[in-house]
Amino acid sequence: MPATTESPPPRFEQALAELDTILRELEDGTTSLEDALARYERGVGLLRQCYAQLRDAEQKVKVLAGLTDDGGADLKPFDHVASIETAKAAVRKSPKPPRDTGIPE
């Protein structure tokens, strides 16, 4: 069985340009019904591809901008130690055991 080599989907800009061409061809009314249906089908496929690429791009922007799905800021706690000396000092400070005062509680 021969291997089928599918070409990668066109880039977003190329897909938009092809959609524009399809739209003009369909609007001018010179294509046959079969050709018009084939062009329409191709246009729907390109449109779905464009929407998928836009969703992906929007998701990347949300991740990079730190936004939640509803558009709010995605705030996460961040423990930061200013310097190695501060970190070492924090490690050295261990909680002292309570002193025995001899007074029962």
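Here, the structure is the one placed above.
The text that follows walks through the structure, step by step, so that each part is easy to find. (Residues numbered from 1 in each chain as written. Predicted model: local features only at pLDDT ≥ 70, side-chain atom pairs only at ≥ 80, totals over all residues. Heavy atoms only, no water.)

Notes on the packing of helix 1 (residues 12–28) against helix 2 (residues 33–65)
Okay, step 1: Where helix 1 contacts helix 2, the axes come no closer than 9 Å and their chain directions differ by 150°. Relative to helix 2, helix 1 is oriented roughly antiparallel. In this structure, the crossing between helix 1 and helix 2 has a hand that is left-handed. Listed contacts from helix 2 to Phe-12, Ala-15, Leu-16, Glu-18, Leu-19, Ile-22, Glu-25 and Leu-26 of helix 1 are Ala-36, Arg-39, Tyr-40, Arg-42, Gly-43, Leu-46, Leu-47, Gln-49, Cys-50, Gln-53 and Leu-54.
Okay, step 2: Considered class by class, the residues forming the contact of helix 1 with helix 2 number twelve nonpolar, three polar and four charged. (Axes fitted to C-alpha atoms, helices over the stretch in contact; angles between N-to-C directions. Helix = DSSP H or I, 4+ residues; strand = E, 2+ residues; numbered from the N terminus. Parallel < 35°, antiparallel > 145°, perpendicular 65-115°, else oblique. Left-handed = near helix turned anticlockwise from the far one by under 90°. Contact = heavy atoms within 4.5 Å. Nonpolar A, V, L, I, M, F, W, Y, C, P; charged D, E, K, R; others polar.)

Points about helix 2
Okay, step 1: Helix length check: helix 2, at 33 residues, gives a terminal C-alpha distance of 47 Å against a target of 48 Å (1.5 Å per residue), a fit within 8%.
Okay, step 2: Listed as buried for helix 2 are Ala-36, Gly-43, Leu-46, Gln-49, Cys-50 and Lys-62.
Okay, step 3: Of the residues flanking the end of helix 2, it is Gly-66, one or two places downstream, whose phi is positive at about 75°. (Expected span 1.5 Å × (residues − 1). Buried < 20%, exposed > 50% of the residue type's maximum accessible area, 1.4 Å probe, protein only.)

Considering the environment of Leu-23
Okay, step 1: Considering the arrangement of structural elements, one finds Leu-23 in helix 1.
Okay, step 2: A relative accessible area of 46% means that Leu-23 is categorised as partly exposed.
Okay, step 3: A C-alpha to C-alpha distance of 8.4 Å links Leu-23 and Tyr-40, two positions 17 residues apart in sequence.

Overview of the environment of Leu-37
Okay, step 1: Mapped onto the elements of the fold, Leu-37 is located in helix 2.
Okay, step 2: Spatially, the C-alpha atoms of Leu-37 and Leu-26 are 9.2 Å apart, while their sequence positions differ by eleven residues.

Quick notes on the pattern of salt bridges
Okay, step 1: The tally for this structure, following the rule as stated, stands at four salt bridges.
Okay, step 2: Note that Arg-42 is salt-bridged to Glu-18, the shortest N-O span being 2.8 Å. Of this pair, Arg-42 sits in helix 2 while Glu-18 is found in helix 1, placing the two residues 24 residues apart along the sequence.
Okay, step 3: Its relative accessible area of 36% is what places Arg-42 among the partly exposed residues.
Okay, step 4: A residue is classified by how much of its surface remains accessible, and Glu-18, at 23% relative accessible area, is partly exposed.
Okay, step 5: For Glu-25, the salt bridge is made with Arg-39, and the minimal N-O distance between the two is 2.8 Å. Here Arg-39 lies in helix 2 and Glu-25 lies in helix 1, a separation of 14 residues in the sequence. (Salt bridge = Lys/Arg side-chain N within 4 Å of Asp/Glu carboxyl O.)

Note that every value here comes from positions in space, so none of it alone points to a role or purpose.
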